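# Overview (structure and organization)
Spelled out, the chains give:
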Amino acid sequence: MRLKFPAYFKPYNEKFYRLKGLKGGRGSAKTTCMAQRFILLALQERAKFLCCREIQKSIKDSNYASIRKAAEKIGMASAFSFLFDRVKCKITGSDFLFHGLHTNVEKILSLEGVKYVWIEQAESVSEESIKLLTPTIREDDSEIAATWNPRYPTDYIEKYFNANKSIALLDHVNYSDNPFFPKSLEIDRNSCEENLPEDYPNVWLGGYRQANVARTLISYNDIRACVGAAKKLNYVPRERFCYMGLDVADGGADRPAFVIRHGSNVLRASETNDKDAYEIASTIIPIAYDYPLARCHYDVTGVGAGIKTEFIRAAKNKKLPFFAEPFLFGGKVQGKDRVYAHKVTNAEFFSRANAQGYWNLRLRVANTKRALAGAKVNLDRCLFLPERIPEKLLQEINQIEYERDRRDKIIVIKAPEGCPSPNIADALMMSYALDIKKGLVAY
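Source: prediction; values computed, not measured. (Residues numbered from 1 in each chain as written. Predicted model: local features only at pLDDT ≥ 70, side-chain atom pairs only at ≥ 80, totals over all residues. Heavy atoms only, no water.)

### Brief notes about the overall build of the protein chain
The helix and strand tally for the protein chain stands at 16 helices and 18 strands. Projected onto its principal axes, the C-alpha coordinates of the protein chain cover approximately 80 × 45 × 45 Å. Taken over 443 residues, the protein chain has a buried fraction of 53%. Of all intrachain contacts in the protein chain linking residues separated by at least 6 positions in sequence, the fraction that spans at least 24 positions is 72%. If the 67 positive side-chain charges of the protein chain are averaged to one point and the 53 negative ones to another, these points end up 5 Å apart. (Helix = DSSP H or I, 4+ residues; strand = E, 2+ residues; numbered from the N terminus. Buried < 20%, exposed > 50% of the residue type's maximum accessible area, 1.4 Å probe, protein only. Contact = heavy atoms within 4.5 Å. Lys, Arg positive; Asp, Glu negative; His and termini not counted. Charge placed at Lys NZ, Arg CZ, Asp CG, Glu CD.)

### Observations concerning the packing of aromatic side chains
If you walk through the whole model with that rule in mind, you get 28 aromatic pairs. Arranged with centres 6.4 Å apart and planes meeting at 75°, the rings of tyrosine 64 and phenylalanine 82 form a pair that is edge-to-face. Of this pair, tyrosine 64 sits in helix 3 (residues 64-73) while phenylalanine 82 sits in strand 3 (residues 80-82), and the two are 18 residues apart along the sequence. The burial state of tyrosine 64 is the same as that of phenylalanine 82; both residues are buried. Plain terms: the ring middles of phenylalanine 350 and tryptophan 359 are 6.3 Å apart, the flat faces sit at 70° to each other, and that makes the pair edge-to-face. Cluster of aromatic residues (ring-pair linked, three or more members): Phe38, Phe49, Tyr64, Phe80, Phe82, Phe96, Phe98, Tyr116 and Trp118. One Lys or Arg, arginine 68, reaches over the ring of phenylalanine 82 and ends 4.6 Å from the middle of that ring. For the cation-ring pair, arginine 362 lies above tryptophan 359, with the distance from its terminal atom to the ring centre recorded as 4.4 Å. (Phe/Tyr/Trp six-rings, centres within 6.5 Å; stacked < 30°, edge-to-face > 60°. Lys NZ or Arg CZ within 6 Å of the ring centre and 35° of its normal.)

### Quick look at the sheet that holds strand 5 (residues 95-100)
With respect to topology, eight strands assemble into an open sheet ordered 3-4-5-2-6-7-1-8, the strand pairing being mixed. Edge positions in the sheet fall to strand 3 and strand 8 (168-173), since each has one partner strand and no second. For this sheet, the mean angle separating the axes of adjacent strands, direction not counted, is 15°. Summarising the sheet, strand 2 (residues 48-53) and strand 5 pair through six bridges and their orientation is parallel. Directly across from lysine 48, in strand 5, lies its bridge partner aspartate 95. Most of the contacts of helix 3 go to strand 3, to which it runs at about 145°, and overall it touches strand 2, strand 3, strand 4 (86-89), strand 5 and strand 6 (114-119). (Pairing = 2+ DSSP bridges. Axes fitted to C-alpha atoms, helices over the stretch in contact; angles between N-to-C directions.)

### Side note on the side chain of asparagine 423
Structurally, the position occupied by asparagine 423 is in helix 16 (residues 423-431). Residue contacts for asparagine 423: discarding those within four places in its chain leaves Asp247, Asp254, Arg255, Ala257, Glu271 and Glu396.

### Some details on the pairing of strand 6
Most of strand 6 is tucked away, with six of its six residues classed as buried. In terms of strand pairing, strand 2 meets strand 6 through five bridges, oriented parallel. Its bridge partner being in strand 6, cysteine 51 is matched across the sheet by tryptophan 118. In the classification by handedness, the crossover that spans strand 6, the intervening helix 5 (residues 127-133) and the parallel strand 7 (residues 143-148) is right-handed. (Right-handed = clockwise from strand over helix to strand, strands pointing away.)

### Description of helix 11 (residues 277-288)
Taking 1.5 Å of rise per residue, the twelve residues of helix 11 would be expected to cover 16 Å, and the 16 Å separating its terminal C-alpha atoms lies within 8% of that figure. Listed in full, the buried residues belonging to helix 11 are Ala277, Ile280, Ala281, Ile284, Ile285, Ile287 and Ala288. The buried side chains of helix 11 occupy one side of the element, clustering within an arc of 160° when seen end-on. The opening residue of helix 11 is aspartate 276, an N-cap whose side-chain oxygen sits 3.2 Å from the backbone nitrogen of tyrosine 278. (Expected span 1.5 Å × (residues − 1). Arc of directions from axis to C-beta. Polar contact = N/O pair within 3.5 Å; in protein donor to acceptor, adjacent residues only side chain to side chain.)

### Quick look at the side chain of asparagine 354
Considering the arrangement of structural elements, one finds asparagine 354 in helix 14 (residues 353-372). Asparagine 354 has contacts with Phe327, Phe329, Val412 and Met429, leaving out every residue within four places of it along the chain.

### Description of the pairing of strand 18 (residues 410-413)
Judged by which residues are buried, strand 18 turns out to be one-sided: Ile410 and Val412 face inward and are buried, whereas Ile411 and Ile413, on the alternate face, are not. Here strand 17 (residues 401-404) folds back onto strand 18, and the loop between the two strands holds five residues, one of which, aspartate 408, carries a positive phi near 70°.

Structure below.
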């Protein structure tokens, strides 16, 4: 068989090293190359193969699909039996096992006769797992291969390969090193470069991530560019109805705030002096009659529970001119299985619903900037602010920061140290809550 491998992979097929590592950005064919190599080895000799990663809750989380796809790609799928949790070669008797290192300690310790190991997503593998695994791989000419997208130089797999350079083959590869890079991934790459420029060096170029420090979600200049932009772009909303976001004050100096928007146009953004849920409802409900208001998303956390009671009472008396829907800031990610960008789901990218909501504003602001620069943009996915918008709203949006939590998911910091709660910004975010109901998509 003559398979086409990228030029960088030639030494991996021809030379023996105890450790073989491939790291780099997405689209470099690291996984494809390693899977094809394992299939070829299984067809040439009888051996036991271990495909593993740090966490494997089910066979769907393993390299199983990559191994099967590699066999199909070279037209040798019929030479293998693809069983529920393992793969066997009918010709040589080679056996593929799939395990999670962290969750299968006893199985790893009892492994015997494994000659070839492939650790996928090795950036997540712990020092404990590596030290547990390596002594059990003791067949003559046995190899341990690892593929990973770099995260931080402190990750143990980075330290491990650096400490064993004399017995290791390691290369850094990216999409530009893959002559078979598909057009579909080129679309994803361009989308990431345009919509997530801060993540692009890590995702596509294999660079280390920035230190996990908070960063400004939307700059002041960017949000200021949205003021008066609707007139410049001749925007006319296609939606028939308006939507409201209502932030209920937590007491003290905090004040309730509401925002009404029509499509991408923000029509009204205000704070009120109401002290309790009854007063807030008495202010909000009459205002709704001035607009064709379809829905009001309101903060149900804490004091917000009281406004829910008032809305229910008004609805029973047929005095509520809109549908009231609670928004839970710390609630679960919505549309969790929907792909946000480059095959990463909402649940994998965001920590909470409020992170989705504020990230949606970030995307809308970015679209506004692109439209003003002359790019072809769906104006219904922008954010347009009126010329008389309260300066406080711009300041509140500018104060919001974001970072990644220990699970590498986006979290927002609404009130950094010394900053007040961003009530009007919260209301603005909730006015676009429908955008995230089925999950957010990078646009």
